[in-house]
Amino acid sequence: QVQLAESGGGLVQAGGSLRLSCAASGRTFSTYAMGWFRQAAGKGRERVAAISGSGGTTHYAASVKGRFTISRDNAKNTVYLQMNSLKPEDTAVYYCAGSGGSLYLGPYDYWGQGTQVTVSS
């Protein structure tokens, strides 16, 4: 089992950057695909980025491709989401999640508590 805790959210102006971190417990972190999801107020949850256990494969939603970068440090049991050129529509609660299956299909069974990202115009 994996326990996840996000950090790094906050308020930023449009065009700015933030780096989210997700620290994981457990000794098998490198066997899990990891994803970053977001949910804006009144909207459904969207997966914005995912990364394989080794870090060799990544996938991005079209809405963030070229602006966000997912990475992981398995020695530190941490996954990151670097967010650049932020837009007001990126405002949401961001969650990290872990999957023992495919980074594309999941299922993502383990979830953090979320961190708020607010982008002002």
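Quick caveat, the model's predicted, so the values are computed rather than measured. Per-chain numbering applies: the sequence of each chain, read as written, is numbered from 1 onward. Whole-chain, interface and lining totals are the exception, using all residues; otherwise, since this is a predicted model, local features are given only for residues with pLDDT of at least 70 and side-chain atom pairs are given and counted only at 80 or more. To get the side-chain values, all heavy atoms of the structure are used, and hydrogens and water are removed first.

Membership of the largest hydrophobic core comes to 28 residues, with the highest contact counts inside it found for Met 34, Trp 36, Ile 70, Val 79, Leu 81, Met 83 and Tyr 94. Elements are defined by DSSP. Helices are runs of H or I of four residues or more, strands are runs of E of two residues or more, and each kind is numbered from the N terminus. Elements supplying a minimum of two residues to this core: strand S3 (18–24), strand S4 (33–39), strand S5 (45–51), strand S7 (68–73), strand S8 (78–83), strand S9 (92–102) and strand S11 (115–120). Per-element accounting of this core gives the leading share, four residues, to S3. Within this scheme, the nonpolar core is defined by two criteria: the residues are buried Ala, Val, Leu, Ile, Met, Phe, Trp, Tyr or Cys, and they are joined through side-chain atoms within 4.5 Å. Residue burial is assigned from relative accessible area. The probe radius is 1.4 Å, only protein chains are included, and a residue is buried under 20% of its type maximum, exposed over 50%, and partly exposed in between. The next biggest cluster of nonpolar side chains, apart from the first, holds six residues, and it includes Phe 37, Ala 50, Ala 97 and Tyr 108.

This brings us to the pattern of salt bridges. We define a salt bridge as a side-chain nitrogen of Lys or Arg found within 4 Å of a carboxyl oxygen belonging to Asp or Glu. Summed over all chains, the structure comprises three salt bridges. Asp 90 is the partner of Arg 67 in a salt bridge, and the nearest nitrogen-oxygen pair spans 2.7 Å. In this pair, Arg 67 sits in the loop between strand S6 (58–60) and S7 while Asp 90 sits in the loop between S8 and S9, placing the two residues 23 residues apart along the sequence. As far as the burial class goes, Arg 67 and Asp 90 line up, both buried.

What follows deals with the packing of aromatic side chains. Put simply, two rings from Phe, Tyr or Trp (the six-membered ring, in Trp's case) pair if the centres are within 6.5 Å, and we call them stacked under 30 degrees between planes, edge-to-face over 60, tilted for the rest. A complete count under the given rule lists four aromatic pairs for this structure. Ring centres of Tyr 32 and Tyr 110 lie 5.7 Å apart, and the angle between their planes is 85°; this geometry places the pair in the edge-to-face category. Taken together, the residues span a long stretch of sequence, with Tyr 32 in the loop between S3 and S4 and Tyr 110 in strand S10 (residues 106–111) at a distance of 78 residues. Relative to Trp 111, the ring of Phe 37 has its centre 4.7 Å away and its plane inclined at 55°; by these criteria the two rings are tilted. Taken together, the residues span a long stretch of sequence, with Phe 37 in strand S4 and Trp 111 in strand S10 at a distance of 74 residues. Trp 111 gets classed as partly exposed once you look at its relative accessible area, which sits at 29%. A cation over a ring is seen here: Arg 19 above Tyr 80, with NZ or CZ 4.0 Å from the ring centre. Here, over-ring charges are defined by two tests on the NZ atom of lysine or the CZ atom of arginine: distance to the ring centre within 6 Å, and angle to the ring normal within 35 degrees. Over the aromatic face of Phe 29 sits the side chain of Arg 72, whose NZ or CZ is 4.4 Å from the ring centroid.

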